[in-house]
Amino acid sequence: MGLGVRWTLHGDGRTPAPGAVVRPDERLSWPRTAGLGAQHVVAMFGASFVAPVLMGLDPNLAIMMSGVATAIFLLATNGRVPSYLGCSLSFVGVAAAIRATGGDSATVTGAVFVVGAALFLAGLAVQRFGARIIHAAMPPVVTGAVVMLIGFNLAPVTASTYWPQDQWTALLVMLFTGLAVVALRGFLSRIAIFLGLIFGYGISWVFDQVFGKINSPVGGGAAVDHWRLDLSGVAKADWIGLPSFHGPSFEWSAILVALPVVIALIAENAGHVKAVGEMTGDNLDGKLGTAIAADGAASMLSTAVGGPPNTTYSENIGVMAATRVYSTAAYWAAAFFALLFGLCPKFGAVVAAIPGGVLGGITVILYGMIGLLGAQIWINAKVDLRNPLNLVPAAAGIIIGVGGVSLKFTDSFELSGIALGTIVVITGYHVLRALAPAHMKETAGGPGEREPLLDAGTSSYDEGR
């Protein structure tokens, strides 16, 4: 079995013929392949910039470890699943919740390390038993609800931490980013967040020149006079150097908060593998478990040294759809460029200088999009929310997760927010399903038809098993 690091030249190595695609085991000329790799790096920059900053982790280390994670993923899947692994936004709410209770960066990465281990084991289970084992435990109504509560749980972070730092910059960045997502076409729409960041930097600089310092709270603290855009750290940073590493710390309270995210990651990986399979025309059924396990292993390695967890990026899948170039050689080039960026502290200082108001404008859209992905899961799977069996556990879990409802067991242990909401959704659905009358378990298609346990996005992985 090869490692997927050998490619045949596609045509003349220049431009694919009309209607032709560059397959994963093919490549264009090396200069063009390097250019495509750089394009993939730009595509993942927006989210990979924002995520580690929001999690309070080193952005340089995040970018560097995304390159390492991508290499691990490509090797594990033998070069058959072209994907880029970048910093996962699904953990932003987890990091905020852990830090709100006194946790530090080591506590955050320790909790996420355990999630990576759970994802790795889930991948092995899918390899052994097929996707049905995952979706029997987490049908679409459950998966959608958990993804939704994870996203909407972040709303207070934007409202209380980022937006108040500079409300007018936040409003302009929100409007610009929203316009970019909707009005731009092709590749530019895929990097709308990145463009929003650039716009925000520019607006913050202009406002500093015109209005001077702003008096506002910084990071949720007291209001002080400060520059919107402070680049003093950039001038002091070196051009070449290693990012800051640290080991994880494990606390049960933090781990319980983080574990529900594994549900979102499984759904995300399954959807991405299916999307890549449809684009390339390859049957990737047998690679689903491997892809999930590889993502888990890569996240474990990243968090073990103080970096954030990783996941497959839809932004890069969008680049492939636009260019029709599915060559894994381009992803190897992207991984190499990411490693170089990670070794440039000055680059990390630029990322760390993102003004709070800019983050406020971007996160209003970004956090909402994460939450609404849960609704998209429901729509794709045709989940009937008129059915109390679906409605009750989802409604209760979402309100608990979004509102931060707590359940205190002892003075030192309680469940709240994301963790408690996820438990309510999962256990509530399965307990109610066991007790529900037969007609509630039937679909709208007619008597005797049971609601399928596989959603439309991944059901093909079990056909013929």
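The rules behind each value
Residues numbered from 1 in each chain as written. Predicted model: local features only at pLDDT ≥ 70, side-chain atom pairs only at ≥ 80, totals over all residues. Heavy atoms only, no water. Helix = DSSP H or I, 4+ residues; strand = E, 2+ residues; numbered from the N terminus. Buried < 20%, exposed > 50% of the residue type's maximum accessible area, 1.4 Å probe, protein only. Contact = heavy atoms within 4.5 Å. Areas by Shrake-Rupley, 256 points an atom, 1.4 Å probe, with all protein chains shown as cover. Polar contact = N/O pair within 3.5 Å; in protein donor to acceptor, adjacent residues only side chain to side chain. Axes fitted to C-alpha atoms, helices over the stretch in contact; angles between N-to-C directions. Parallel < 35°, antiparallel > 145°, perpendicular 65-115°, else oblique. Left-handed = near helix turned anticlockwise from the far one by under 90°. Nonpolar A, V, L, I, M, F, W, Y, C, P; charged D, E, K, R; others polar. Pairing = 2+ DSSP bridges. Core = buried A, V, L, I, M, F, W, Y, C linked by side-chain atoms within 4.5 Å. pLDDT = per-residue confidence, 0-100. 1 Å grid on protein atoms, 1.4 Å probe; cavity = no way out; pocket = protein on both sides within 12 Å on 5 of 7 lines; lining within 4 Å. Points joined across faces, edges and corners; volume = space filled by probe spheres on them. Phe/Tyr/Trp six-rings, centres within 6.5 Å; stacked < 30°, edge-to-face > 60°. Lys NZ or Arg CZ within 6 Å of the ring centre and 35° of its normal. Expected span 1.5 Å × (residues − 1). Patch = residues over 30% accessible without salt bridge, like charges linked within 9 Å, V, L, I, M, F, W, Y side chains within 5 Å. Salt bridge = Lys/Arg side-chain N within 4 Å of Asp/Glu carboxyl O.

1. Focus on the overall build of the protein
Working step 1: The number of helices and strands found in the protein is 20 helices and 8 strands.
Working step 2: Per-residue burial over the protein gives 53% buried out of 465 residues.
Working step 3: Summarising the internal contacts of the protein: among those between residues at least 6 apart in sequence, 78% fall at separations of at least 24.
Working step 4: Accessible area for the protein stands at about 19,500 Å²; split by element, carbon and sulfur atoms hold 66% of it.

2. A word on the side chain of His-10
Working step 1: With respect to the element layout, His-10 can be found in the loop between strand S1 (8–9) and strand S2 (26–27).
Working step 2: Under the relative-accessibility criterion, His-10 is labelled buried at 13%.
Working step 3: At 3.0 Å, the side chain of His-10 and the side chain of Glu-26 are in polar contact.
Working step 4: Sequence-distant contacts of His-10, defined by excluding residues within four places in its chain, comprise Pro-16, Ala-17, Ala-20, Val-21, Val-22, Glu-26, Arg-27 and Leu-28.

3. Brief notes about the packing of helix H8 (residues 167–183) against helix H18 (residues 356–381)
Working step 1: Where H8 contacts H18, the two axes come as close as 7 Å, and the packing angle between them is 45°. When the interaxial angle is binned, H8 and H18 end up oblique. Our pair here, H8 against H18, has a crossing hand that is right-handed. When H8 is examined against H18, the residues Thr-169, Ala-170, Val-173, Met-174, Thr-177 and Gly-178 are found in contact with a partner set consisting of Gly-357, Val-358, Gly-360, Gly-361, Ile-362, Val-364 and Ile-365.
Working step 2: Taken together, the residues of the contact of H8 with H18 break down into 7 nonpolar, 6 polar and no charged.

4. Considerations on the pairing of strand S4 (residues 214–217)
Working step 1: The alternating pattern of S4 places Ile-214 and Ser-216 on a buried face, while none of Asn-215 and Pro-217, on the opposite face, is buried.
Working step 2: Bridge count between S4 and strand S5 (residues 223–226): 4 bridges; the pairing is antiparallel. Pairing of Pro-217 across the sheet is with Ala-223, part of S5.

5. Some details on the nonpolar core
Working step 1: Formed by 94 residues in total, the largest nonpolar core has its most connected members in Met-55, Ile-266, Tyr-367 and Trp-378.
Working step 2: The residues touching Tyr-367, leaving out its near neighbours within four places in the chain, are Leu-54, Val-92, Gly-151, Phe-152, Leu-154, Val-157, Thr-158 and Tyr-162.
Working step 3: The next biggest cluster of nonpolar side chains, apart from the first, holds 5 residues, and it includes Val-22, Leu-28, Val-325 and Ala-330.

6. As for the confidence of the model for the protein
Working step 1: Counting all residues, the mean pLDDT for the protein is 80, and 87% of those residues have values of 70 or more.
Working step 2: Of the regions scoring below 50 in pLDDT, residues 444–465 engages in 49 contacts with residues more than four places distant in sequence or in other chains.

7. Details of empty space enclosed by the protein
Working step 1: Counted by the stated rule, this structure contains 1 cavity of 30 Å³ or more.
Working step 2: Each pocket or cavity is described by its volume, and for the largest cavity that value is around 30 Å³.
Working step 3: Lining the largest cavity are Val-126, Ala-131, Ile-134, His-135, Ile-266, Ala-270, Leu-288 and Ile-292.
Working step 4: At the level of elements, helix H5 (132–137), helix H13 (261–280) and helix H14 (288–304) are the ones that each hand at least two residues to the lining of the largest cavity.
Working step 5: Residues that form the lining of the largest cavity fall into these classes: 7 nonpolar, 1 polar and no charged.

8. Observations concerning the packing of aromatic side chains
Working step 1: Counted according to the given criterion, the structure contains 5 aromatic pairs.
Working step 2: Ring geometry for Phe-113 versus Phe-250: centroids 5.8 Å apart, planes at 70°, classification edge-to-face. A residue pair is termed long-range when its members are at least 10 positions apart, and Phe-113 in helix H4 (residues 105–129) and Phe-250 in the loop between helix H11 (232–236) and helix H12 (252–258) qualify at 137 residues.
Working step 3: What makes Phe-113 partly exposed here is its relative accessible area of 21%.
Working step 4: Positioned above the aromatic ring of Trp-239 is the side chain of Lys-346, whose terminal nitrogen or guanidinium carbon lies 5.1 Å from the ring centre.

9. Notes on the environment of Tyr-331
Working step 1: Residue position: Tyr-331 is located in helix H16 (residues 328–342).
Working step 2: Sequence separation of Tyr-331 and Leu-74 is 257 residues, and the distance between their C-alpha atoms is 8.3 Å.
Working step 3: When neighbours within four sequence positions are excluded, Tyr-331 is seen to be in contact with His-40, Thr-70, Leu-74, Pro-82, Ser-83, Tyr-84, Asn-316, Ile-317 and Met-320.

10. Topic: the environment of Ala-338
Working step 1: If you trace the backbone, Ala-338 turns up in helix H16.
Working step 2: Expressed as a C-alpha distance, the spacing of Ala-338 and Gly-67, which sit 271 residues apart in the sequence, is 5.1 Å.
Working step 3: Those residues within four positions of Ala-338 in sequence are excluded, and the remaining contacts are Val-41, Met-44, Ile-63, Met-64, Ser-66, Gly-67 and Tyr-84.

11. Topic: helix H2 (residues 59–76)
Working step 1: Its 18 residues place the ends of H2 25 Å apart at the C-alpha level, agreeing with the 26 Å of an ideal helix rising 1.5 Å per residue.
Working step 2: Counting buried positions along H2 yields 14 of 18 residues, so the element is predominantly enclosed.
Working step 3: The opening residue of H2 is Asp-58, an N-cap whose side-chain oxygen sits 2.9 Å from the backbone nitrogen of Asn-60.
Working step 4: Remark: Asn-78 follows H2 within two positions and exhibits a positive phi of approximately 55°.

12. Regarding a nonpolar patch on the surface
Working step 1: A cluster of nonpolar side chains, namely Trp-205, Val-206, Val-210 and Phe-211, defines an oily patch on the protein surface of about 440 Å² accessible area.
Working step 2: Following the sequence through the fold, Val-206 ends up in helix H10 (residues 192–211).

13. A look at H4
Working step 1: Its 25 residues place the ends of H4 36 Å apart at the C-alpha level, agreeing with the 36 Å of an ideal helix rising 1.5 Å per residue.
Working step 2: In the segment just after H4, Gly-130 is the residue with positive phi, at about 95°.

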